[in-house]
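Chains, contacts and geometry: an overview
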Amino acid sequence: MRVEINTIARGLLISGTRILVAYCIGSTNTFLPGGNIEPGEKAEDTLIREFKEELGITISVKKYLGVVEQTFTELSKYHHVINHIFLVDSDNMKEEPESKEDHLDFFWIESNDTVKMNLLPSPLQDLIRRFIAGNNEIWWKSDMK
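Every chain begins its residue count from 1, and numbering advances along the sequence as written. Confidence filtering applies because this is a predicted model: local features only for residues at pLDDT of at least 70, side-chain atom pairs given and counted only at 80 or more, and all residues used for totals across whole chains, interfaces and linings. The basis for the side-chain values is all heavy atoms of the structure; hydrogens and waters are excluded.

Secondary structure counts use DSSP, requiring at least four H or I residues in a row for a helix and at least two E residues in a row for a strand, with both numbered from the N terminus. Along the backbone of the protein there are two helices and eight strands. What the globule rule says is 2.2 Å times the number of residues to the power 0.38, and the radius of gyration is computed from C-alpha atoms. For the protein, the C-alpha radius of gyration of 14 Å lies close to 15 Å, the compact-globule estimate for 145 residues. Summarising the internal contacts of the protein: among those between residues at least 6 apart in sequence, 64% fall at separations of at least 24. Accessible areas in this description were obtained via Shrake-Rupley with a 1.4 Å probe; residue shielding takes into account the shown protein chains only. Surface exposure of the protein reaches about 7800 Å², of which carbon and sulfur atoms provide 51%. When the 16 positive and 23 negative side-chain charges of the protein are each reduced to one mean point, those points stand 3 Å apart. Two residues form a contact once any of their heavy atoms are found within 4.5 Å. Counting rule for charge: Lys and Arg are taken as positive, Asp and Glu as negative, and neither His nor the chain ends is counted. Taken as the charge centre is NZ of Lys, CZ of Arg, CG of Asp or CD of Glu, depending on the residue.

Its location among the elements puts Glu 54 in helix H1 (residues 43-55). Exposure is judged per residue with a 1.4 Å probe applied to protein chains only, and the accessible area is read against the type maximum: over 50% gives exposed, under 20% gives buried, and values in between give partly exposed. The term salt bridge refers to a pairing of a side-chain nitrogen on Lys or Arg with a carboxyl oxygen on Asp or Glu at a separation within 4 Å. Buried and without a salt bridge, Glu 54 has Arg 49 as its closest oppositely charged side chain, separated by 7.2 Å. Setting aside chain neighbours within four positions, we find Glu 54 in contact with Gly 34, Glu 98, Ser 99, Lys 100, Glu 101, Leu 104 and Phe 106.

Moving on, we come to the pattern of salt bridges. Enumeration over the complete set of coordinates arrives at nine salt bridges. Close ionic contact of Lys 94 with Glu 98 constitutes a salt bridge, the shortest N to O distance being 3.5 Å. Taken together, the shared-partner salt bridges in this structure form one network comprising Glu 41, Arg 49, Glu 50 and Glu 53.

Take the nonpolar core next. Nonpolar cores are built from buried Ala, Val, Leu, Ile, Met, Phe, Trp, Tyr and Cys residues. Side-chain atoms within 4.5 Å join them into one set. Core analysis: the biggest nonpolar cluster contains 17 residues, and Leu 13, Leu 20, Leu 47, Phe 51 and Val 88 have the highest contact counts within it. A total of four residues in this core trace back to one element, the largest contributor, which is H1. Those residues within four positions of Leu 13 in sequence are excluded, and the remaining contacts are Arg 18, Ile 19, Leu 20, Phe 51, Val 88, Asp 89, Ser 90, Met 93 and Trp 108. Ranked by size, the runner-up nonpolar core spans 15 residues in total, among them Leu 65, Ile 109, Phe 131 and Trp 139.

Burial runs high along strand S2 (residues 18-24): five of the seven residues are buried. Looking at chain direction, strand S1 (residues 2-15) and S2 are connected through two bridges and run antiparallel. Looking at S2, one finds that Ile 14 is bridged to Ile 19. Here, a strand pair is defined by DSSP locating no fewer than two bridges between the strands. Taken together, S1 and the strand that follows it, S2, pair antiparallel across an intervening segment of two residues, in which Gly 16 is found at a positive phi of about 65°. Where S2 lies against strand S7 (residues 104-110), seven bridges are found, and the strand directions are antiparallel. Bridge pairing in S7 places Arg 18 opposite Glu 110. Here S2 runs beside strand S3 (residues 30-31); their pairing, made up of two bridges, is antiparallel. Along S3, the bridge assignment pairs Tyr 23 with Thr 30. Here S2 folds back onto S3 in antiparallel fashion, the turn holding five residues, of which Gly 26 has a positive phi close to 100°.

Written out as structure tokens, the structure is:
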């Protein structure tokens, strides 16, 4: 089996009790916007680039929240993903986000609907609710068994 290791920067954009999520058309889960950190690129710069490419908006990176480790197998490939999560903000985010990429859609969900919307990696579901409730501890979670 092939193995792929990725390091990803993801942005948590909050509006009241809602969070912005991404959805890859045809999949069964949602995820926080972001993408692969390119060689020689700072994680914060990855987020700024990805939000601009995917949503056409400018963001500012406010705070590092922590890491969520994720593993899964897909198409005979084992994936091990290190997700660096940042709190982000935007002055030009629309109420109805418009994707700039054909394979992605973006929408707001209530922070207590993360389980129902199958937000992955799954440890984010509890971490986001706790953060919105005021828990500011640095995140370190893994879905590895």
